[in-house]
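Observations on the model geometry
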Amino acid sequence: MFYYALTFASAFACVVALYLVYKRFQRRISISHVRGPPSFSWLYGNWIEFLEAPAGEADFRWQEQFGGVVRVKAPLGEDRLMITDPKAIQYVYHTASYRFPKPTGRSAIIRALFGPGLTVIEGHDHKRTRKIMLPGFGGPESRSFLPVFSGAAGKLAQKWQDLIASDAQQMTVVSIPWWISRATLDAIGEVRALDNTGNALADMYTNLFFDVFGLPTKSSILGLGIVDEIPLAVVNFLFKYFPPRRMAHLFETNKLSTSVARKLVEEKTAALLEGKSRRDIFSLLVKANHSEKPETRLEEKEVLGQMNTIILAGHETTANSLTFAFFEICKQPEIQKRLRAEIRAMGKTDYTSSDFDNMPYLTAVVKETLRVHPIFYNTFRVAGGDEVLPLLDPLTLDTGEVLNELPIAKGTKIITNKAIFGEDADVFNPDRWLRADSPKSKVSLGVYGNLFTFVGGARSCIGWRFAVLEMHAFLVELVGKFEFEFISSASVNDFRREASQLMTPTLESEREKGSQLSLRIRAARNEA
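Quantities reported herein were computed from a predicted structural model and do not represent experimental measurements. (Residues numbered from 1 in each chain as written. Predicted model: local features only at pLDDT ≥ 70, side-chain atom pairs only at ≥ 80, totals over all residues. Heavy atoms only, no water.)

**Comments concerning the pattern of salt bridges**
- Tallied over the entire structure, the rule returns 30 salt bridges.
- Among the ionic pairs, Asp355 bridges to Lys348, the shortest N-O distance being 2.9 Å.
- In this structure, Glu368 and Arg432 form a salt bridge, with 2.9 Å as the shortest nitrogen-oxygen distance. Of this pair, Glu368 sits in helix H19 (residues 360–372) while Arg432 sits in the loop between strand E7 (413–417) and helix H20 (464–481); the two residues are 64 residues apart in sequence, bridging distant segments of the chain. The same class applies to Glu368 as to Arg432, namely buried.
- Residues joined by salt bridges that share partners form a network here, namely Glu78, Arg80, Arg106, Asp228, Glu229 and Lys413. (Salt bridge = Lys/Arg side-chain N within 4 Å of Asp/Glu carboxyl O. Helix = DSSP H or I, 4+ residues; strand = E, 2+ residues; numbered from the N terminus. Buried < 20%, exposed > 50% of the residue type's maximum accessible area, 1.4 Å probe, protein only.)

Take a look at the structure:
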């Protein structure tokens, strides 16, 4: 049996190698003269440095050295582009969005987790589905969820108050990612994760991205590079019959989350038939499932895929963003005090979205968190045909030639980094958003604060309003009621932004434990 397995693996490796060589020779346009970091391994390229370093560390170092367009070596000697040039990003994500799909390997991984959700479908299917879903994600619809977000934050606050009350010193230590993740899951998924510490779905979501992508081995780095190169049908075949061990957590999560989504469909369908349907996004999806018009109808697998996407992406990304926000306000206690003072100055316990609009420092903290700690720190695309990328800043090749636009061949893979800006770009400074010369870009990119955190164009995050509003609601509730501090001075230097596709808060000394940030909390005191 071992002999046959080894023979199959060797034959498959040879076929892949020949296929990659064929693809390379088919390209008539080369990016080999674009400057980039040296690679000392044909097998792994720059990928070990790129994936093992803290999220964004290698990217920003290369960006500073080589500019807004950098050539990096992927496994098996493939040249890829890493771009932060705003005009090039605008072209890829706005002007020609559907001509730059996601690479096959990443699409297969996302599909294995979510099913045919909005994050993985392409072209006409994406346009049709997004058009159906957009009415559930508008401004009024997002604002209608504020009581739900505030309720989940309030419930979390009560849990913490109970822990503090039971402590003789009237303080306690909490795991921020653990608690926040369950609270945001309750807010979006209606699963009562805060009431049940053994909630199966919450436990399954814990460290999901870290288990699949964190602490990459050389073999997983090589595998991730290869699956982006071979046809999607082949990748799906391999995942089905030869699933990588790292993806076991992912497949189990899909089974459980799909069963939860199916139960939600049943509940929303019953409400629809009884005439009690609401305008929430889940009810909207169920209505689409029952539509008589083909152009507005979603099949059951599509509805389940969208629900899986909303539940996971809608809670985990916000939870991680909030964790990074709490890290920063502990690192700079004066920010925490100033934020709490603004919250208390409102003199309220129940807030509306208009109240948030009148709290500029709160909004500045949210924007700065999203700027410094973009949860999806890299996005990946592949040119569907030969293209010419326009550039804001001239590009100097290693030959000395200067270009104002860059031709790229069909199949060229692009990594987009969330560029940071300002002279003190590496400093967490909410005041940058309050200055008259607040950060501006010469090119329109993102949907919120012109940040690219939620991407942009036709493939921008459809739920960005929900995420922003939810962050406001949780910060108001928790910072208004509690004081947060590190449990030791070493916590700052030990904190790490793990590169797990989704930026994950970990500790350098305990990376293998996955997401964690423990803080000491007490009831907020009255400050003069």
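So that's the structure; there's more coming.
**Considering the sheet that holds E7**
- Pairing in this open sheet of four strands is mixed, and the strands run E1-E2-E7-E4 from one edge to the other. What marks the edges here is a single partner per strand, and that holds for strand E1 (69–73) and strand E4 (378–382). Here the strands of the sheet are splayed against their neighbours by 30° on average, with no regard to which way each runs.
- The pairing of strand E2 (residues 79–83) with E7 spans three bridges and is classified as parallel. Of the residues in E7, the one forming a bridge with Leu81 is Ile414. (Pairing = 2+ DSSP bridges. Axes fitted to C-alpha atoms, helices over the stretch in contact; angles between N-to-C directions.)

**Quick notes on the sheet that holds strand E11 (residues 518–523)**
- Across the sheet, which stays open at both edges, the three strands sit in the order E3-E11-E8 with antiparallel pairing between neighbours. With partners counted over all chains shown, the strands left at the sheet margins are strand E3 (172–175) and strand E8 (482–486), one partner each. In this sheet, neighbouring strand axes are inclined to one another by 40° on average, regardless of whether the strands run parallel or antiparallel.
- As judged from the four bridges shared by E3 and E11, these two strands associate in the antiparallel manner. By the bridge assignment for E11, Val173 is matched with Arg520.
- Sheet contacts for helix H8 (residues 146–165): E3, E8 and E11; angle to E8, the most-contacted strand, approximately 70°.
- Set on the sheet, helix H16 (residues 300–331) makes contact with E8 and E11; between it and E8 the angle comes to about 80°. (Contact = heavy atoms within 4.5 Å.)

**So, the packing of aromatic side chains**
- Tallying each qualifying case throughout the model produces 20 aromatic pairs.
- Ring centres of Trp160 and Phe482 lie 5.6 Å apart, and the angle between their planes is 75°; on these two criteria the pair is classed as edge-to-face. Taken together, the positions of Trp160 in helix H8 and Phe482 in strand E8 put the pair 322 residues apart, joining distant regions of the chain.
- You can call Phe482 buried: its relative accessible area is 1%.
- When the ring centre of Phe380 is taken as origin, the NZ or CZ atom of Arg106, which lies over that ring, is 3.6 Å away.
- Lys367 extends its terminal NZ or CZ atom over the ring of Tyr448, reaching a point 5.5 Å from the ring centre. (Phe/Tyr/Trp six-rings, centres within 6.5 Å; stacked < 30°, edge-to-face > 60°. Lys NZ or Arg CZ within 6 Å of the ring centre and 35° of its normal.)

**Some words on the nonpolar core**
- The biggest cluster of nonpolar side chains holds 133 residues, and the ones touching the most others in it are Trp160, Phe326, Leu478 and Phe484.
- When residues in this core are grouped by element, the largest group, 14 residues, is from H16.
- One finds Ile89, Val92, Leu406 and Leu445 within the second-largest nonpolar core, a separate group that totals 25 residues. (Core = buried A, V, L, I, M, F, W, Y, C linked by side-chain atoms within 4.5 Å.)

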